[in-house]
Amino acid sequence: MQNNMHRDHELIRKFQNGDTKSFDKLVKIHLPAMIGFFITITHDKMLAEDLAQDVFLKLFKYLKNFRFESTFKTYLYRINLNTANTWITRNKWKNILGLDKAPEPTQWNQDVERDWQRKELRDAIVRLPKKQRSVVFLRINNEFSFSQISEITGMSEGTAKVNFHHAKKKLMEIINEK
């Protein structure tokens, strides 16, 4: 972890001094994880790639102002979360109302049922308040500790735990109301 942080900070310093190849190296290092992050949210590889590209465009513009007060990974996940939340807000109703894509009953098998349950859970997560949704994404999809979630979101570790607890209760309510 320390070596990765050191490597990232070194590349950022070089980029801040005008070496654009250093930015390309940062992209190469972090792109797979970013696409994976967005795939877990969108379940669409092309859309995930587009969102990751949006993040890197923002980074290219604002990385010159990076102050080395946190790890680059923390900084990057803050941008990822903001981008994901913006995308969810813009597409919330489309995602919630996407239930018309249900397969015909004759096509049901265990895989379809499992996919349907995942979609139902995804649709329920989209309906959570922003803070709860962010904690759920980071905790479940990325398996971050509450300490890491605290660092990424800026909320205390206790607040992250409370938000996760409330999110689980809310998800059960949303799923059971169907």
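About the cut-offs
- Residues numbered from 1 in each chain as written.
- Predicted model: local features only at pLDDT ≥ 70, side-chain atom pairs only at ≥ 80, totals over all residues.
- Heavy atoms only, no water.
- Helix = DSSP H or I, 4+ residues; strand = E, 2+ residues; numbered from the N terminus.
- Buried < 20%, exposed > 50% of the residue type's maximum accessible area, 1.4 Å probe, protein only.
- Contact = heavy atoms within 4.5 Å.
- Areas by Shrake-Rupley, 256 points an atom, 1.4 Å probe, with all protein chains shown as cover.
- Axes fitted to C-alpha atoms, helices over the stretch in contact; angles between N-to-C directions.
- Parallel < 35°, antiparallel > 145°, perpendicular 65-115°, else oblique.
- Nonpolar A, V, L, I, M, F, W, Y, C, P; charged D, E, K, R; others polar.
- Salt bridge = Lys/Arg side-chain N within 4 Å of Asp/Glu carboxyl O.
- pLDDT = per-residue confidence, 0-100.
- Polar contact = N/O pair within 3.5 Å; in protein donor to acceptor, adjacent residues only side chain to side chain.

**A word on the overall build of the protein**
Moving on, step 1. Broken down by element type, the protein carries 8 helices and 0 strands.
Moving on, step 2. From first element to last, N terminus to C terminus, the protein shows the α and β order α-α-α-α-α-α-α-α.
Moving on, step 3. Each of the 178 residues in the protein was classed as buried or not, and the buried ones make up 38%.
Moving on, step 4. For the protein, contacts bridging at least 24 residues in sequence account for 63% of all contacts bridging at least 6.
Moving on, step 5. Just so you have it, the protein exposes about 10900 Å², and 52% of that area is on carbon and sulfur atoms.

**Structural notes on the packing of helix 7 (residues 146-153) against helix 8 (residues 157-176)**
Moving on, step 1. It is the contact of helix 7 with helix 8, at a shortest axis distance of 8 Å, that shows an interaxial angle of 105°. Judged by the inter-axis angle, helix 7 sits roughly perpendicular to helix 8. Residue-level inspection shows F146, S147, I149 and S150 of helix 7 in contact with helix 8, the latter providing E157, A160, K161 and F164.
Moving on, step 2. The class makeup of the residues in the contact of helix 7 with helix 8 is 4 nonpolar, 2 polar and 2 charged.

**Some details on the pattern of salt bridges**
Moving on, step 1. Within this structure, the stated rule accounts for 4 salt bridges.
Moving on, step 2. R67 is the salt-bridge partner of E69, the closest N and O atoms lying 3.3 Å from each other.

**Let's talk about the confidence of the model for the protein**
Moving on, step 1. With 83% of its residues at a pLDDT of 70 or more, the protein shows a mean pLDDT of 81.
Moving on, step 2. Taken together, the stretch residues 96-109 has pLDDT below 50 and engages in 13 contacts with residues farther than four places along the chain or on a different chain.

**Focus: the side chain of T83**
Moving on, step 1. Turning to its location among the elements, T83 is positioned in helix 4 (residues 72-96).
Moving on, step 2. Within the structure, the side chain of T83 is placed 3.1 Å from the side chain of K58, a separation counted as a polar contact.
Moving on, step 3. When sequence neighbours within four positions are dropped, the list of residues in contact with T83 reads F38, L51, V55 and K58.

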